Amino acid sequence: MRKILLLTLLLLVFFALAANASQMIINFDDLQGDNLPVPDGYGNVTWYNQWTYYGFVQDPYNAHSPPNRVYTGNADAMFTFNSPEVFDGAWFAGQPTTNVQFQGYLNGALEFTSSSLTTSSTPTFLNSGYAGMVDTIHVLSNAPDFYVMDDVTYESGGVPEPGSLVLMGTGLVGLAGYLRRKF
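It should be emphasised that the depicted structure is a prediction, and the values quoted were computed from it without experimental measurement.

### Describing the overall build of the chain
- In terms of helices and strands, the chain carries two helices and 12 strands.
- Secondary structure elements of the chain occur, N-terminal to C-terminal, as α-β-β-β-β-β-β-β-β-β-β-β-β-α.
- Residue burial in the chain is summarised as follows: out of 183 residues, 38% are buried.
- Taking contacts inside the chain between residues at least 6 apart in sequence as the whole, the part at least 24 apart equals 70%.

Printed below as a string of structure tokens:
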């Protein structure tokens, strides 16, 4: 009986945490016009007028999910989430001599540096390689004018705050006590 109760509690915790996260993909495709700054707040992100979107065909700057993608001229471009999120990565395409890399920050402290990706005309996903919360992403490049970014992916609500975990844990302990008395 205890094993069944413990297994049930573990499954409840697992599904509660899994249901809390939802994957968000910012694909820029609903933005209208060409060569315009990505508006701050788009996708719950502050873009700092550093990113410009466009949708016309331009090889090797191919969109992962056409038509739109973004570019910047900044060697250390950045964007900031409105609240800390788990950043998965983004798709890149561009000249074959261009390298891109992420750095993720939380409250001004560096949390991770991703591997480096050399772009090509085929859009390729650059994974952050980090499963923790961040609020700011820097996109570093040796040639910032020669790549495009598309389909920025993050987990909204990916890690519950400690108060939610305590509340959920208290409820599970109460449920366990109830079930134990009943059976």
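Next comes the rest of the account.
### A word on the pairing of strand β8 (residues 109-113)
- As defined by bridge partners, strand β7 (residues 99-106) adjoins β8 across four bridges and the pair is classed as antiparallel. Bridged to G104 within β8 is F112.
- Counting the residues between successive antiparallel strands, the hairpin from β7 to β8 contains two residues, one of them, N107, with a positive phi of roughly 55 degrees.

### Considering the environment of F79
- By the secondary structure assignment, F79 is in strand β6 (residues 76-94).
- Accessibility expressed as a relative area gives 0% for F79, which makes it buried.
- Sequence separation between F79 and H138 is 59 residues, and the spatial gap between their C-alpha atoms is 6.7 Å.
- Discounting chain neighbours no more than four positions away, the residues touching F79 are V45, T46, W47, Y48, W51, F87, D135, T136, I137, V139, M149 and V152.

### A word on the side chain of D151
- With respect to the helices, strands and loops of the structure, D151 is situated in strand β12 (residues 147-156).
- The buried charged residue D151 lacks any salt bridge partner; its closest oppositely charged side chain belongs to R69, at an N-O distance of 11 Å.
- Here S65 takes part through its side chain, which lies 2.8 Å from a polar atom of the side chain of D151.
- Not counting chain neighbours up to four residues away, the residues in contact with D151 comprise I25, I26, N27, F28, H64, S65, G89, A90 and W91.

### What to know about the packing of aromatic side chains
- Scanning the entire structure with this criterion turns up 15 aromatic pairs.
- Between the aromatic rings of F81 and F87, the centroid separation amounts to 6.2 Å while the plane-to-plane angle is 50 degrees, which identifies the pairing as tilted.
- Summarising the aromatic geometry, the rings of F87 and F102 are spaced 4.8 Å apart at their centres and angled 90 degrees between planes, so their arrangement reads as edge-to-face. Of the two residues, F87 sits in strand β6 while F102 sits in strand β7, which places them 15 residues apart along the sequence.
- Accessibility expressed as a relative area gives 0% for F102, which makes it buried.
- An aromatic cluster is built from F28, Y42, W47, W51, F79, F81, F87, F92, F102, Y147 and Y154, whose rings are joined through pairwise contacts.

Basis of the calculations
- Residues numbered from 1 in each chain as written.
- Predicted model: local features only at pLDDT ≥ 70, side-chain atom pairs only at ≥ 80, totals over all residues.
- Heavy atoms only, no water.
- Helix = DSSP H or I, 4+ residues; strand = E, 2+ residues; numbered from the N terminus.
- Buried < 20%, exposed > 50% of the residue type's maximum accessible area, 1.4 Å probe, protein only.
- Contact = heavy atoms within 4.5 Å.
- Pairing = 2+ DSSP bridges.
- Lys, Arg positive; Asp, Glu negative; His and termini not counted.
- Salt bridge = Lys/Arg side-chain N within 4 Å of Asp/Glu carboxyl O.
- Polar contact = N/O pair within 3.5 Å; in protein donor to acceptor, adjacent residues only side chain to side chain.
- Phe/Tyr/Trp six-rings, centres within 6.5 Å; stacked < 30°, edge-to-face > 60°.

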